[in-house]
Amino acid sequence: MSYDFFSDDELMCKCGCGQALMDDAFMGKLVSLRELAGFAFHLTSAYRCPIHNHSISSTGMDGPHTTGRAVDIALFGPQAHWVITNAGMHGMTGIGIKQKGDYTSRFVHLDDLPNGSGQPRPWVWTY
Ligand SMILES: [Zn+2]
């Protein structure tokens, strides 16, 4: 599967398993948002296999990234503001914000997960 604006490499799990099981409906929303934004979305994380997610996230074996319906985008300042302002209107139901510390470590997480037990949506959180 290939998508406008995003390479297969950046969508792939970082553990080396080679999987990039992104959800088509989520990617449709992300591509529209990116097109509207007019600036690059550098993904620091997209698909994660359950084992990799468990090793790096408190969300364990079934966090948002394991569904292929979540990305982390390296952003700060006006571009982070734009994404946070527009994401909810373009179908994103989870917005996680890391905007403290070094600019190069700042990002915005987006997902479109449904409301569920232990996973209330819509939701906004900070890291
Ligand atoms: Zn993996």
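Caption draft 1: Representation of the coordination of the zinc ion within the structure. Protein-derived coordination of the zinc ion comes from Cys13 (SG), Cys15 (SG), Cys17 (SG) and Cys49 (SG), at a distance range of 2.3 to 2.4 Å. Every donor counted, the 4 donor atoms about the zinc ion form angles of 103 to 115° at the centre, which fits tetrahedral coordination. Read in sequence order, the donor residues for the zinc ion give the motif C-x1-C-x1-C-x31-C. A relative accessible area of 40% places Cys15 in the partly exposed class.

Caption draft 2: How the structure looks around the sheet that holds strand β3 (residues 94–98). With mixed pairing, the 5 strands of this open sheet are ordered in space as β1-β2-β4-β3-β5. Edge strands, defined here as strands with exactly one partner in the open sheet, are β1 (42–45) and β5 (123–126). Between one strand axis and the next, the sheet turns through 25° on average, direction left out of account.

Caption draft 3: Broad picture of helix α2 (residues 24–37). Between its terminal C-alpha atoms α2 stretches 20 Å, which fits the 20 Å expected from 14 residues at 1.5 Å a residue. Contacts made by the buried residues of α2 are with α1 (8–11), β2 (70–74), α4 (77–87) and β4 (107–111). Structurally, the start of α2 carries an N-cap: the backbone nitrogen of Ala25 is 3.1 Å from a side-chain oxygen of Asp23. Of the residues flanking the end of α2, it is Gly38, one or two places downstream, whose phi is positive at about 75°.

Caption draft 4: The arrangement of unusual backbone geometry in detail. Here the amide bond leading from Arg121 into Pro122 is cis, since omega sits at -5°, within 30 degrees of zero. Within the element layout of this structure, Pro122 appears in the loop between β4 and β5. Within the chain, Phe5 stands out as a residue other than glycine whose phi angle is a positive 75°. Of note, Phe5 is situated in the segment before α1.

The rules behind these values
- Residues numbered from 1 in each chain as written.
- Predicted model: local features only at pLDDT ≥ 70, side-chain atom pairs only at ≥ 80, totals over all residues.
- Heavy atoms only, no water.
- Donors = N, O, S within 2.8 Å, 3.2 Å for Na, K, Ca; no water.
- Tetrahedral: all angles 85-135°; square planar, octahedral: opposite > 155°, others 65-115°.
- Buried < 20%, exposed > 50% of the residue type's maximum accessible area, 1.4 Å probe, protein only.
- Pairing = 2+ DSSP bridges.
- Helix = DSSP H or I, 4+ residues; strand = E, 2+ residues; numbered from the N terminus.
- Axes fitted to C-alpha atoms, helices over the stretch in contact; angles between N-to-C directions.
- Expected span 1.5 Å × (residues − 1).
- Contact = heavy atoms within 4.5 Å.
- Polar contact = N/O pair within 3.5 Å; in protein donor to acceptor, adjacent residues only side chain to side chain.

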